[in-house]
Amino acid sequence: MSRVWIPHVLRAAAGGIKQLELEGETVGELVRALADAHPSVGAQLFTEAGELNRFVNVYVNGQDVRYLDGLDTPVSAHDEVRLLPAMAGGRDEGMRDRDVR
């Protein structure tokens, strides 16, 4: 079983758990197993078409799966999979009229 870490923003939908061990041979199988176990999480992870939402980043042992085989990235029993929501920046209103040098 691989260990899957759940980000804080999704923990309420996953019953408050930080991590769990799931069966699967690929990242996609693990993420889908998580979604099956916690449907509220699945609704946030996947689009209606069943694709991983673009704002969800997935890492296996610290490596972004977008640079590996995506959801087809193989995993073993000792791998750690981390789900991380993409962070978007915005304009700091406190900086709006300042000349930053």
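Here's what I pulled together on the structure shown here.

Calculation notes
- Starting afresh in each chain, residues are numbered from 1 along the sequence in its written order.
- Only residues with pLDDT of 70 or above have their local features reported here, since the model is predicted, and side-chain atom pairs are shown and tallied only from 80 upward, although totals for entire chains, interfaces and linings are computed over all residues.
- Note that water and hydrogens are dropped before the side-chain values are worked out from all heavy atoms of the structure.
- Numbering goes from the N terminus for both helices and strands, where a helix is a DSSP run of H or I of at least four residues and a strand is a run of E of at least two.
- We call a residue buried when its accessible area falls under 20% of the maximum for its residue type, exposed when it is over 50%, and partly exposed in between, using a 1.4 Å probe and counting protein chains only.
- Residues adjacent in sequence count toward polar contacts only when both atoms are side-chain atoms; beyond that, a polar contact is any pair of N or O atoms within 3.5 Å, and within protein one must be able to donate a hydrogen and the other to accept it.
- Only heavy atoms enter the contact rule, under which two residues are in contact if any of them lie within 4.5 Å.
- We count a salt bridge whenever a side-chain nitrogen from Lys or Arg sits within 4 Å of a carboxyl oxygen from Asp or Glu.

1. Focus on the side chain of Asp 64
Alright, step 1. With respect to the helices, strands and loops of the structure, Asp 64 is situated in strand β4 (residues 63-64).
Alright, step 2. The class for Asp 64 is buried, based on a relative accessible area of 10%.
Alright, step 3. Among the polar contacts made by the side chain of Asp 64, one reaches the side chain of Arg 66 at a distance of 2.5 Å.
Alright, step 4. If sequence neighbours within four positions are ignored, Asp 64 has contacts with Val 58 and Tyr 59.

2. Side note on the pattern of salt bridges
When their charged atoms lie close together, side chains carrying opposite charge are able to pair.
Alright, step 1. In total, this model carries three salt bridges according to the counting rule given.
Alright, step 2. Notably, a salt bridge pairs Asp 64 with Arg 66, separated by 2.5 Å at the nearest N-O pair.
Alright, step 3. Of the residues examined, Arg 66 reaches a relative accessible area of 53% and is grouped as exposed.
Alright, step 4. Between Glu 80 and Arg 82 there is a salt bridge, with the nearest N and O atoms lying 3.5 Å from each other.

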